Amino acid sequence: MTNDTATTALPLAPGQWALDPFHSSVNFTVRHLGIAKVRGRFERLEADLVVGERVEDVRVSATVDLASINTGNADRDAHVRASDLLDVEKRPTMTYRSTRVSGAGEDWSMEGELTIGGVTRPLTLAVEFGGLVDVPMDGSRHAGFEATGEIRRSEFGLDFAPGLLGEVVKIQLDMQFVEPKSS
């Protein structure tokens, strides 16, 4: 991976790329009782990818509806949404705003700020560029990405259930964006 972003060619056309919500997901893993992992996802998200002429001009923003949590267990999901845990009435969304993108080829890094319930902390994501493909049905061009990182719950005031739930939450985003139509 290179840190010389000024000389790195961008593989994406400039403009605002639209999220393909049907082929994108925000997933997480957290330890339960320290012995097993609980996996889940958030069903509703919005994201924007703005590509400029240079890497320095790339911006990503995303908003996740925390009430859309799905761990495969409706009772557990309802409890996690409740005021004694995630409290989605006070913390309805999680947002991410990139501040710097660097890398080349398939391996990139995205620095940014994650906000949950009014608490903002830096978060760096490792980003793998999956490539570009033209979709035969409509001719649109899609770009695929996988981004991974982790947060510490206590840094966002989510320190409920210590010992029951792990401190570290691993995040995996699988995202597809659609190239803007040229004018």
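For the structure, see preceding data.
The notes below deal with the structure included here.

Cut-offs used in this document
- All residue numbers here refer to positions counted from 1 along the written sequence of the relevant chain.
- Under the rules for a predicted model, residues below a pLDDT of 70 receive no local features and side-chain atom pairs below 80 are neither given nor counted, while totals for whole chains, interfaces and linings still include all residues.
- As a rule here, side-chain values cover all heavy atoms of the structure and leave hydrogens and water aside.
- The numbering of helices and of strands both runs from the N terminus, where a helix is a DSSP run of H or I of at least 4 residues and a strand a run of E of at least 2.
- For the radius of gyration, the atoms used are the C-alpha atoms, and the globule rule reads 2.2 Å times the number of residues raised to 0.38.
- Only protein chains enter the accessibility calculation, which uses a 1.4 Å probe; a residue whose area is less than 20% of its type maximum is buried, one above 50% is exposed, and one in between is partly exposed.
- Pairs of residues are marked as contacts when any of their non-hydrogen atoms sit within 4.5 Å.
- All accessible areas in this document rest on Shrake-Rupley with a 1.4 Å probe, and a residue is counted as covered only by the protein chains that are shown.
- The positive count covers Lys and Arg only, the negative count covers Asp and Glu only, and His and the chain ends enter neither.
- The atoms used to mark charge sites are NZ of Lys, CZ of Arg, CG of Asp and CD of Glu.
- Within this scheme a cavity is a closed region of a 1 Å grid, computed over the protein atoms alone, that accommodates a 1.4 Å probe without allowing it to escape, whereas a pocket is open but has protein on both sides within 12 Å along at least five of seven lines; lining residues each have an atom within 4 Å of a point.
- Grid points are joined across faces, edges and corners, and a volume is the space filled by probe spheres set on the points.
- Charged means Asp, Glu, Lys or Arg here, nonpolar means Ala, Val, Leu, Ile, Met, Phe, Trp, Tyr, Cys or Pro, and polar covers whatever is left, Gly included.
- Planes of paired rings set the category: under 30 degrees apart is stacked, over 60 is edge-to-face and the rest tilted, where pairs are Phe, Tyr or Trp rings (Trp by its six-membered ring) whose centres lie within 6.5 Å.
- Salt bridges are identified by distance alone: a Lys or Arg side-chain nitrogen within 4 Å of an Asp or Glu carboxyl oxygen.
- Like charges are joined within 9 Å and nonpolar side chains (Val, Leu, Ile, Met, Phe, Trp, Tyr) within 5 Å, but only among residues with over 30% relative accessible area and no salt bridge; these make up the patches.
- Being paired, for any two strands, means DSSP has found at least two bridges between them.

1. Remarks on the overall build of the protein
Right, so step 1: The helix and strand inventory of the protein stands at one helix and eleven strands.
Right, so step 2: Taken from N to C terminus, the helices and strands of the protein fall in the order β-β-β-β-β-β-α-β-β-β-β-β.
Right, so step 3: Against the compact-globule benchmark of 16 Å for 183 residues, the protein has a radius of gyration of 17 Å, which places it among compact chains.
Right, so step 4: The buried share of the protein, taken over its 183 residues, is 40%.
Right, so step 5: Long-range pairs, those at least 24 residues apart, make up 56% of the contacts in the protein with a sequence separation of at least 6.
Right, so step 6: Element-wise, carbon and sulfur atoms account for 51% of the exposed surface of the protein, whose accessible area totals about 10,200 Å².
Right, so step 7: Side-chain charges in the protein split into 19 positive and 28 negative, and the spacing between the mean points of these groups amounts to 5 Å.

2. Some details on the layout of surface pockets
Space left empty within the atom packing is revealed by a probe, the size of a water molecule, rolled over the atoms.
Right, so step 1: Considered as a void within the structure, the largest pocket measures approximately 560 Å³ in volume.
Right, so step 2: Forming the walls of the largest pocket are 25 residues, and the residues nearest its centre are Phe-28, Val-30, Val-80, Phe-160 and Leu-165.
Right, so step 3: Elements supplying a minimum of two residues to the lining of the largest pocket: β2 (25–32), β3 (36–42), α1 (74–81) and β11 (165–178).
Right, so step 4: Here the lining of the largest pocket takes four residues from β2, the largest share from any one element.
Right, so step 5: Looking at side-chain class alone, the lining of the largest pocket contains 20 nonpolar, three polar and two charged residues.

3. So, the packing of aromatic side chains
Right, so step 1: Scanning all chains against the criterion turns up three aromatic pairs.
Right, so step 2: Both rings, one in Phe-28 and one in Phe-42, keep their centres 5.4 Å apart while their planes meet at 40°; by these two values the pair is tilted. Here Phe-42 lies in strand β3 and Phe-28 lies in strand β2, a separation of 14 residues in the sequence. Taken as a pair, Phe-28 and Phe-42 share a single burial class, namely buried.
Right, so step 3: When the centroid spacing of 6.2 Å and the interplanar angle of 70° are considered together, the rings of Phe-145 and Phe-177 count as edge-to-face. Placement of the pair is Phe-145 in strand β10 (residues 141–152) and Phe-177 in strand β11, with a sequence separation of 32 residues.
Right, so step 4: A relative accessible area of 19% places Phe-145 in the buried class.
Right, so step 5: The exposure class assigned to Phe-177 is buried, which follows from its relative accessible area of 5%.
Right, so step 6: These aromatic residues form a ring-pair network of at least three members: Phe-129, Phe-145 and Phe-177.

4. Examining the pattern of salt bridges
Should their charged atoms come close, side chains of opposite charge can pair.
Right, so step 1: Counted by the stated rule, this structure contains six salt bridges.
Right, so step 2: The closest approach of N and O atoms between Asp-65 and Arg-44, which form a salt bridge, is 2.8 Å. Pair noted here: Asp-65 is in strand β5 (residues 59–65) and Arg-44 is in the loop between β3 and β4 (45–51), with a separation of 21 residues, a long-range link.
Right, so step 3: A salt bridge links Asp-134 to Arg-141; the shortest N-O distance between them is 3.0 Å.
Right, so step 4: Overall, Arg-141 belongs to the partly exposed group, its relative accessible area being 30%.

5. Some points on a nonpolar patch on the surface
Right, so step 1: On the surface, Leu-33, Ile-35 and Leu-164 cluster together into a nonpolar patch covering about 310 Å² of accessible area.
Right, so step 2: Position of Leu-164 among the secondary structure elements: in the loop between β10 and β11.

6. A look at the pairing of strand β7 (residues 93–104)
Right, so step 1: Summarising the sheet, β5 and β7 pair through five bridges and their orientation is antiparallel. The residue of β7 that forms the bridge with Ala-62 is Tyr-96.
Right, so step 2: In terms of strand pairing, β7 meets strand β8 (residues 107–116) through ten bridges, oriented antiparallel. Pairing of Tyr-96 across the sheet is with Leu-114, part of β8.
Right, so step 3: The antiparallel pairing of β7 with β8 creates a hairpin that spans two residues between the two strands, and Gly-105 there sits at a positive phi of about 60°.

The values reported here are purely geometric and, on their own, carry no functional implication.
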